[in-house]
Protein chains: 2
Amino acid sequence: MQWSSEPLIEKEVREQAFTIECEGRNVPGLLWTPTERASDIPIVLLGHGGTLHKRAHYILATARRLVKQHGIAAVAIDGPGHGDRRERIPEDQEQARADFVTTWLAPGANEKIVADWRATLDATQAELGTGPVGYFGLSMGTMMGIPLIAAEPRITAAVLGLMGVWGPNQDRLVEDAPKMTCPVRFLAQWDDEVVPRETVLDLFDRLGSKEKSLRAHPGRHVQVPATEMGGIADFFASHLK
Amino acid sequence: MQWSSEPLIEKEVREQAFTIECEGRNVPGLLWTPTERASDIPIVLLGHGGTLHKRAHYILATARRLVKQHGIAAVAIDGPGHGDRRERIPEDQEQARADFVTTWLAPGANEKIVADWRATLDATQAELGTGPVGYFGLSMGTMMGIPLIAAEPRITAAVLGLMGVWGPNQDRLVEDAPKMTCPVRFLAQWDDEVVPRETVLDLFDRLGSKEKSLRAHPGRHVQVPATEMGGIADFFASHLK
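Residues numbered from 1 in each chain as written. Chains lettered and ligands numbered in written order. Predicted model: local features only at pLDDT ≥ 70, side-chain atom pairs only at ≥ 80, totals over all residues. Heavy atoms only, no water.

**Details of the interface of chain A and chain B**
Heads up, the rule is: Residue contacts are defined here by distance: any two heavy atoms, one from each residue, within 4.5 Å place the two residues in contact. Two parts placed together each lose some accessible area under a 1.4 Å probe, and adding up what both lose gives the buried area. By salt bridge we mean one thing: a side-chain nitrogen of Lys or Arg within 4 Å of a carboxyl oxygen of Asp or Glu. A run of H or I in DSSP counts as a helix once it spans at least four residues, and a run of E counts as a strand once it spans at least two, with each numbered from the N terminus. Two strands pair if DSSP finds at least two bridges between them.
Taken together, the 13 residues of chain A in the interface contact 13 residues of chain B. Across the chain A to chain B interface the summed buried area is about 1,200 Å²; carbon plus sulfur atoms make up 60%. The largest share of the area that chain A buries against chain B comes from Trp190(A), Leu214(A) and Pro218(A), three residues that together contribute 39% of it. Our count for the contact surface shared by chain A and chain B stands at 2 salt bridges. Here Arg197(A) ties to Asp205(B) by a salt bridge, and the two come within 3.6 Å at their closest N and O atoms. Of all the elements in the fold, those that place two or more residues in the side of chain A that touches chain B are α6 (197–206) and β10 (212–217) of chain A. Summarising the sheet, β10(A) and strand β10 (residues 212–217) of chain B pair through 3 bridges and their orientation is antiparallel. Looking at the pairing, Ala216(A) lines up with Leu214(B) of β10(B).

**Some points on the confidence of the model for chain A**
Threshold: Per-residue confidence from the predictor is given as pLDDT, running between 0 and 100.
Taken over all residues, the pLDDT of chain A has a mean of 95, while the share at 70 or more is 100%. Predicted complex metrics record ipTM = 0.86 and pTM = 0.92.

**Overview of the packing of aromatic side chains**
All names here are of chain A. Condition: Any Phe, Tyr or Trp ring, taking Trp's six-membered ring, that has another such ring centre within 6.5 Å forms a pair; planes under 30 degrees apart are called stacked, those over 60 apart edge-to-face, and the others tilted. Using a 1.4 Å probe on the protein chains alone, a residue whose accessible area is under 20% of its type maximum counts as buried, one over 50% counts as exposed, and one in between counts as partly exposed.
A complete count under the given rule lists 14 aromatic pairs over all chains for this structure. Ring centres 6.1 Å apart and planes at 85° place the aromatic pair Tyr 58 and Phe 136 in the edge-to-face group. Note that Tyr 58 is positioned in helix α1 (residues 57–70) and Phe 136 in strand β7 (residues 133–137), a separation of 78 residues in sequence. There is no split in this pair, since Tyr 58 and Phe 136 are both buried. Centre to centre, the rings of Phe 100 and Trp 104 are 6.1 Å apart; their planes meet at 55°, and the pair counts as tilted. Of this pair, Phe 100 and Trp 104 both sit in helix α2 (residues 93–104), 4 residues apart, which is roughly one turn of the helix.

**Structural notes on the pattern of salt bridges**
All names here are of chain A. Inspection of every chain in the model, using the stated rule, returns 40 salt bridges over all chains. Residue Lys 54 is joined to Asp 78 by a salt bridge in which the shortest nitrogen-to-oxygen separation is 2.7 Å. Of this pair, Lys 54 sits in the loop between β5 (43–47) and α1 while Asp 78 sits in the loop between β6 (73–77) and α2, and the two are 24 residues apart along the sequence. With respect to class, Lys 54 is no different from Asp 78; both count as buried. Close ionic contact of Glu 228 with Arg 185 constitutes a salt bridge, the shortest N to O distance being 4.0 Å. Of this pair, Glu 228 sits in helix α7 (residues 226–230) while Arg 185 sits in strand β9 (residues 184–189), placing them 43 residues apart in sequence. Across the pair, exposure class does not vary: Glu 228 and Arg 185 are buried alike. It is possible to trace a salt-bridge network through shared partners that takes in Glu 111, Arg 172, Glu 175, Asp 176 and Lys 179.

Spelled out as structure tokens, the structure:
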């Protein structure tokens, strides 16, 4: 873990940028920790959604809540072609979406993302010790997160959602969802205009975890209620401590 | 409200049995309050499920949590033909179910139950003042609760579930569900062997409330996880205070 910035300390939360190397790729990330650090604290991996980046508003808010309210560390990385890994600044939403398709949804991309995350977790544990580990990712963060969780026994709790048996990676989801065993909270938006409701319920149905709960609310894809978003940190606190 | 027992005080919770008269019917109930009573405290009506009664285990547990953890009063009544209103002691589960059908599902029964509850609420408010009011009822408690909530503007928060657009009262549910406006948490059991999942999702879909959330867990009809049951009191605390 190579630090790429000075630490930024704000209201008891320490944020520091880093890069790690994985299979020749430079992966940029952010690590959030309490200013007073204990050993072997829990770590939650935060996987951002498609066209977004490691410091998206809801990622940052969740990271700060984990650290401040619960003393849990958080780490986020940019997905391939996202954030600091973009090869061009997209001119509009359409171009951003096109870049997203050519990077995240390319053949073999999923294996690379899983490898990036596992290398990130190795590096984070080298810094913070081997406390319990969680994963949070919505939408594309779920599409990429399910194969990661299925492959990574260190992850013992997850908050997922806004994704279904849908899109170009759906065969992979159908294969990996039943392999999940950790407790999972799964968010769904009842009026999701991006991912059809039936496919979301179908994906929840296929999760292998015995302890799983579906939480659905009215509204569109990005309209998860603030109280639900705020409760994500509490879920990890009760499962990782 | 006519007291029919001495108060039973256990660990800061006061329980007292009562009867009220409604349209010539004697309705037996239980009132739970904090031992140190404040004025205009919130009140939650607890509607038990089919073949059960006002002191069913989960009703009692919820009542005690409301009072003890949040200082909220709780009140439960026996449904027609249930608990102390039974006309015979059923010999087996089958007979209990038959009695249930001839009393709760008889023509006009729904209006009577709504009237019983409204009279109970009048009497309770005469005792405790006019604080905010909630309703909790699962399964048959939802089938009977939705028409009550649709008719009763004093109810401003509800926890419902384990019921669908299903059974002999389904036309009434289809009519009244869209009239609901209060915030509602709706529980569903993913492997419900009594009420088919699709009908449950359909009923959630029809609830008129803008603020509604579906919480689904794996398991059969009566296997709602303990943590979810335990959180019901917290929901009312955050909505009625």
